[in-house]
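Secondary and tertiary structure notes
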Amino acid sequence: MAGAITVQGLTKTFGEFRAVDNVSFEARAGEITALLGPSGSGKSTVLRMIAGLELPDSGSIWVGGEEHTDKTPQERRLGFVFQHYALFRHMNVRQNVEFGLKVRKTLRAEARSRVDELLDLVGLAPFGDRYPDQLSGGQRQRVALARALAPRPGVLLLDEPFGALDAHVRQELRRWLDGLHRELGVTSLLVTHDQEEALELASAVVVMRRGRVEQAAPPVDIYNRPATPFVAGFVGASNLVKGVVREGELRFAGSAVADADHLADGSDAQAYIRPHDVLLTASPVSRSFPVTVDRRTNLGWQSKLQLRLGDGQAIFAELPNDELNGIDEGQDVHASLRNAKVFSLDAGEPPAGPGEGTSSTEGLHTSDEDEVLASRPGHD
Amino acid sequence: MTATQTRQPPARKAAGLRRTSLRRRLGPGVLLAVALAYVLVLLLGPLGGIVYYAFKSGISVVGQTFTQPDVQHAFYLTFIIMAITVIVNTVFGVLVALVLARDRFPGKRLVSALVDLPLAVSPVIVGLMAVLLFGTGGWFQSFFAARGIQVIFALPSMVLVTIFISIPFVIREVVPVLQELGLEEEQAAWTLGASKAQTFFRVTLPNIRWGLLYGIALSAARAIGEVGAVLIVSGSIEGKTETATLFILRAFDQYQDQQGYIVALTLAVFSIVLLIGIETFKRKRTREAR
């Protein structure tokens, strides 16, 4: 049943705006692949083209070895889940789930047992007679999922399926979807701007920005080996430290980061450093550099520390309280880096965070707005 | 989200203050009394008058009026015109509404404005336009005459002007419902395998049904009550091109006042029943919207 999704050279323009620009990737059969990117990155347009709801200007779409590029949505037999559920509001839950079976003239008895099966699967068996406006957001999205799955689609396309739900329900549904996918094994393509959701659910992540693919890789590689500054900044929180390349190293504030061989000697560059890749010690260690702890915010089991480098640059560190060994505000200590990724300064401007609510404080780029707010410096 | 939440309460409070201060100045009962008096005098007064005069010289005239062949024909004609008008305006109204709500094309705003034209133009002028097109020497007169079709002074022109006059109602009711509905439910239906026709009849139509019925009811009421345009194009031939409203005009001309009142009352009752129906739809629709 499950088939891989392959898109090749997909391009789509709306008027002057190039929403999708030569996008190619493959979503492997039976796995969840995430299309991750900020709003306006073209990820939803890609999904809608795969579903046949938009027609590409050029490029091709293959599902399960069959070309779908010019097929109508009806012919593609895909399951599509919309962000705002798009349930038929004049039909009850049963009728919604049954719709895809009815229009394809499935036998009555067969349709009934399939609907029962799906309502059980999504845990909504007692709610068959309810109408969409009598359900919570999470329940509605589960109905939408059951409806999409009812005609046994080859692949499942999910367009920000949890985007309209509050954080708690989102967490719960995410876990539930993970379990459901393990059970069904249907090839799924998930569009999301939530990097956590992508990393948690998907076995492969395609990061998009401005209509182009920035990187397509397993979550671990996306996180630890970002291909571009944008990916480094967008997926997970990152510090930015500027410096100059000398002998294949990025030098800054009396220290250096390796792996800058790809950059010309003497050029300006920047290192992306994860807050939890910063280690602090009271005395100098190999390749460490002196920092001053400007601020410490205790979050219970770990602390966020705002550190000032010798040259005035600021970085954030996140450390378990166990590993702090009494380091606190106002102290001069030594920092070393477990991991850092160097990019040339003109490899791309600092990435925009997800959605409109992007905020960045100097030296810190994070894709989680709340995190920035919680740790904004100088809120005394 | 939080911004709108914090902005809302002061606005509501201000509106509340204004309302109470106006009430306080005028006294609690005055506004109610004015409103009720206005409605009673202007709406119920004339209706009461018609009822009184319709039954003034006894109930026997009522029965006599309804058995008159010209009266029966007038009602029949009014009904036929209303039925055709409603069917045409429903089908094409939904079509135009779909295009106006969904498609983008140059001149869309002009078309949208044109839809309201019949509300702005006097029905008498509409009648005159029809005469210019289909009357002797009119643009299309020779075309239809050559095929033996009588347009002016006959049913076709009467239906035509009535359709023209009631074009806006279905469109104006359906467009906002379609806009609010959006495209997603229909797209969901497509991905589930529903053809365009299945999608329209199973998803779109059920969603716009209350707005559509409201528009149909308004169209019907307008069609029944039409006088000016029909008067000009029909020629008011007794027993042939005389609608119920035209019969009323003739009845008064010929000093058959009571017959006129009886027919008028019948039309009024029909419209009132329709109006109550509309109100029920409206209430049901708002309840559903919630």
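Conventions and cut-offs
- In every chain, residue numbers begin from 1 and rise along the written sequence.
- Going through the entries in the order they are written, you letter the chains from A and number the ligands from 1.
- For a predicted model such as this one, the threshold for reporting local features is a pLDDT of at least 70, and the threshold for listing and counting side-chain atom pairs is 80 or more; totals across whole chains, interfaces and linings nevertheless cover every residue.
- An axis is simply a line fitted to the C-alpha atoms; with a helix, the fit covers only the stretch in contact. Between two such axes, the angle follows the N-to-C directions and lies from 0 to 180 degrees.
- In this text, helices come from DSSP runs of H or I with a minimum length of four residues, and strands from runs of E with a minimum of two, each type numbered from the N-terminal end.
- Note on terminology: angles under 35 degrees are roughly parallel, angles over 145 are roughly antiparallel, angles of 65 to 115 are roughly perpendicular, and the others are oblique.
- Note: crossing handedness is left-handed where the near helix turns anticlockwise from the far helix by less than a right angle, and right-handed where it turns clockwise.
- Think of it this way: build a C-beta for each residue from its backbone, and any pair within 7 Å is a contact.
- For this scheme, ten residues count as nonpolar: Ala, Val, Leu, Ile, Met, Phe, Trp, Tyr, Cys and Pro. Four count as charged, namely Asp, Glu, Lys and Arg, and the remainder, Gly too, count as polar.
- Boundaries between domains were set according to an automatic or database domain assignment.
- Residues with at least 20 other C-beta atoms within 10 Å of their own are called buried, those with 12 or fewer are called exposed, and the rest are partly exposed. The C-beta atoms themselves are positioned from the backbone.
- A set of buried Ala, Val, Leu, Ile, Met, Phe, Trp, Tyr and Cys residues, joined through C-beta atoms within 7 Å, is what we mean by a nonpolar core.

Points about the packing of helix H11 (residues 184-191) of chain B against helix H12 (residues 196-225) of chain B
Residues and elements named next belong to chain B.
- Running from amino to carboxyl end, H11 crosses H12 at an angle of 160°, the nearest separation of the two axes being 10 Å. When the interaxial angle is binned, H11 and H12 end up roughly antiparallel. The crossing of H11 and H12 is right-handed. In contact with Glu-185, Glu-186, Ala-189 and Trp-190 of H11, H12 contributes Thr-199, Val-203, Thr-204 and Asn-207.
- Looking at side-chain class alone, the contact of H11 with H12 contains three nonpolar, three polar and two charged residues.

Concerning the domain arrangement of chain A
- Under the domain assignment, chain A is made up of domain 1 (5-224) and domain 2 (231-374).
- For domain 1 of chain A versus domain 2 of chain A, the separation of C-alpha centres amounts to 36 Å.

Quick word on the packing of helix H4 (residues 69-102) of chain B against helix H10 (residues 167-181) of chain B
All names here are of chain B.
- Between H4 and H10, whose axes approach to 8 Å, the crossing angle comes to 40°. Between H4 and H10, the angle falls in the class oblique. Classified by chirality, the crossing of H10 by H4 is right-handed. Residue-level contacts link Asn-89, Thr-90, Gly-93, Val-94, Val-96, Ala-97, Leu-98, Leu-100, Ala-101 and Arg-102 of H4 to Ile-167, Val-170, Ile-171, Val-174, Val-175, Leu-178 and Gln-179 of H10.
- A per-class count over the contact of H4 with H10 returns 12 nonpolar, four polar and one charged.

So, the interface of chain B and chain A
- At the interface, 14 residues of chain B touch 19 residues of chain A.
- When contributions to the side of chain B that touches chain A are tallied by element, the ones reaching two or more residues are H11 and H12 of chain B.
- It is H11 of chain B that contributes the most residues to the side of chain B that touches chain A, six residues altogether.
- Broken down by class, the residue content of the side of chain B that touches chain A amounts to six nonpolar, six polar and two charged.

Overview of unusual backbone geometry
Residues and elements named next belong to chain A.
- Even without glycine at this site, Tyr-85 takes up a positive phi of about 70°.
- Along the chain, Tyr-85 turns up in the loop between strand S6 (79-81) and helix H3 (93-102).
- In this structure, Lys-105 is a non-glycine residue whose phi angle is positive, near 60°.
- Within the secondary structure, Lys-105 sits in the loop between H3 and helix H4 (108-121).
- The class for Lys-105 is exposed, based on 8 C-beta atoms found within 10 Å.

Overview of the nonpolar core
- Ranked by internal contacts, the top residues of the largest apolar core, which has 105 residues, are Ala-34, Leu-35, Ile-50 and Leu-157 of chain A.
- Considering each element in turn, this core owes the most residues, six residues, to helix H5 (residues 137-149) of chain A.
- Membership of the second largest hydrophobic core comes to 55 residues, among which are Ile-224, Ile-262, Val-263 and Ala-264 of chain B.

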